[in-house]
Amino acid sequence: MIRKASIRVVIMLLCTQSIFTLKAQTVTAILDSMQATTYLATIKPGNRDGVKSWITGINGQIPYWLELYKEKKGAGIGFRYPRGAQVITTGEGVKVGKNELLFPVEILGSEAYQLMISMAGDSAGNFTIYSGYAFLPNLGKWKLIGTLKQSGFVKSMHHPGPYFSFPKKDTSRPIFSDEWVQRTNGSWERLDGKKMPPPQINLLSHADSLAGVSRDEALIQAAVASKKFPALQNHKGIYYSIEKQGSGRQVAVSDTVNVFYKGYLFPDGAIFDQTDKEPRKFPLQRLITGWQYGLPLINEGGKITLVIPPHLGYSIRTRSPKIPPNSILVFDIEVVEAKPSSR
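Residues numbered from 1 in each chain as written. Predicted model: local features only at pLDDT ≥ 70, side-chain atom pairs only at ≥ 80, totals over all residues. Heavy atoms only, no water.

As summarised here, the arrangement of the seven strands in space is β5-β10-β9-β8-β1-β12-β13, forming an open sheet in which the pairing is antiparallel. Either end of the sheet is taken by a strand with one partner, and the two such strands are β5 (86-90) and β13 (188-190). Recorded for the sheet is a direction-independent mean angle of 20° between the axes of neighbouring strands. The sheet contact formed by strand β12 (residues 175-183) and β13 spans three bridges and is antiparallel. Residue Q182 lies in a different strand from β13, and its bridge partner there is W188. (Pairing = 2+ DSSP bridges. Helix = DSSP H or I, 4+ residues; strand = E, 2+ residues; numbered from the N terminus. Axes fitted to C-alpha atoms, helices over the stretch in contact; angles between N-to-C directions.)

Listed below in structure tokens is the structure:
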């Protein structure tokens, strides 16, 4: 298949004085001081109607390739990864192949496709996760292709850049543009140096949003039925159980809250964050929607468990190595104090 053969093409390109090689060298020189965790590029495949097989995409972190492809059996978007990597989650309709995730979809040569690879590493756990995303022009929304976990901590990307295969009969070339990287501090940098507004990446409302809500609700209901959780009530899409109502003032969304909490993943219970001996203080409006919906259900001194579906949490964002995209989050929270936020 051309996706497997393309590995040899990439290696060949890196060893020659081709356009791709020059591009990769430029990007690498900039990124050495950037500590980039996301690489974004726009690709217009071009008219390749007479070519039976072709491939073009981006390499955000060798050996992870996110690509548009066409072959005899069809076309689509693929995310290739090395042996030993673990598939954590996939988007709706994505098939898991041998060292590759495949999303079958028509690829039009005249359309401009945005491809993005994001990563997050955990030094203590000695692992790194990589997520591949594609913007679907026909829907006007981003889609998660999948997220992978690999042993070994990687702080930032190395040698990112675009690539393509070029069979002898293929005289056309894809057009690469609008290359951006996002640093560890969240800022965006355009690689051609042009001063332009940063890209607006909306991963909260994405291509699989509606299907995901139904799927996650079924998973949570099944967990309640199997008594993994106490009976949960539904409020605006979150599920909750109140252990203690509390006797102080009722929490308001506009409050700054001082809380003890433990956050863990559903259903395996892996803890991703928790307080220790001292509570933490947050303006509630700056937190995920699930907290904003849940905490006003109790008063100061109250305790509550929140089960938060992805669309009210971090959605398909690669926010943290311990919180993969599409994670259902569980929080045990005690509100020590709630005060109106100062303006």
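Side chains of a nonpolar character, in soluble globular proteins, are inclined to be buried together. Of all hydrophobic cores here, the largest spans 31 residues; its most connected members are I58, L66, L68, I77, F79 and I145. When sequence neighbours within four positions are dropped, the list of residues in contact with I145 reads L66, I77, F79, T90, G91, V94, L101, F103, G132, Y133 and A134. Formed by 24 residues, the second largest nonpolar core is a distinct cluster that contains V259, F272, I288 and Y314. (Core = buried A, V, L, I, M, F, W, Y, C linked by side-chain atoms within 4.5 Å. Buried < 20%, exposed > 50% of the residue type's maximum accessible area, 1.4 Å probe, protein only. Contact = heavy atoms within 4.5 Å.)

Looking at the element boundaries, Q150 is found in strand β10 (residues 141-151). Among all residues touching Q150, those that are not within four sequence positions of it are Y64, P82, F127, T128 and Y130. There is a polar contact of 2.9 Å between the side chain of Q150 and the side chain of Y64. (Polar contact = N/O pair within 3.5 Å; in protein donor to acceptor, adjacent residues only side chain to side chain.)

With that settled, consider the pattern of salt bridges. Overall, the coordinates contain ten salt bridges when judged by the stated rule. A salt bridge links D192 to R190, with the nearest nitrogen and oxygen atoms 2.8 Å apart. For the salt bridge of R215 with D216, the shortest nitrogen-to-oxygen distance reads 3.2 Å. Its relative accessible area of 27% is what places R215 among the partly exposed residues. Connected through salt bridges with shared partners, the residues E92, R215 and D216 form a single ionic network. (Salt bridge = Lys/Arg side-chain N within 4 Å of Asp/Glu carboxyl O.)

What follows covers the sheet that holds strand β2 (residues 54-61). If you walk across this open sheet you meet the six strands as β6-β7-β4-β3-β2-β11, and the pairing is antiparallel. Looking at which strands have only one partner, the edges of the open sheet turn out to be β6 (95-96) and β11 (161-164). Relative to strand β7 (residues 100-104), β6 runs antiparallel, the two sharing two bridges. Pairing of K95 across the sheet is with L102, part of β7.

Glancing now at the packing of aromatic side chains. One pass over the full model with this rule turns up nine aromatic pairs. Judged by centre distance (4.1 Å) and plane angle (25°), the ring pair of Y64 and Y130 falls under stacked. Taken as a pair, Y64 in strand β3 (residues 64-71) and Y130 in strand β9 (residues 127-136) lie far apart in primary sequence, 66 residues in all. Each member of the pair, Y64 together with Y130, is buried. (Phe/Tyr/Trp six-rings, centres within 6.5 Å; stacked < 30°, edge-to-face > 60°.)

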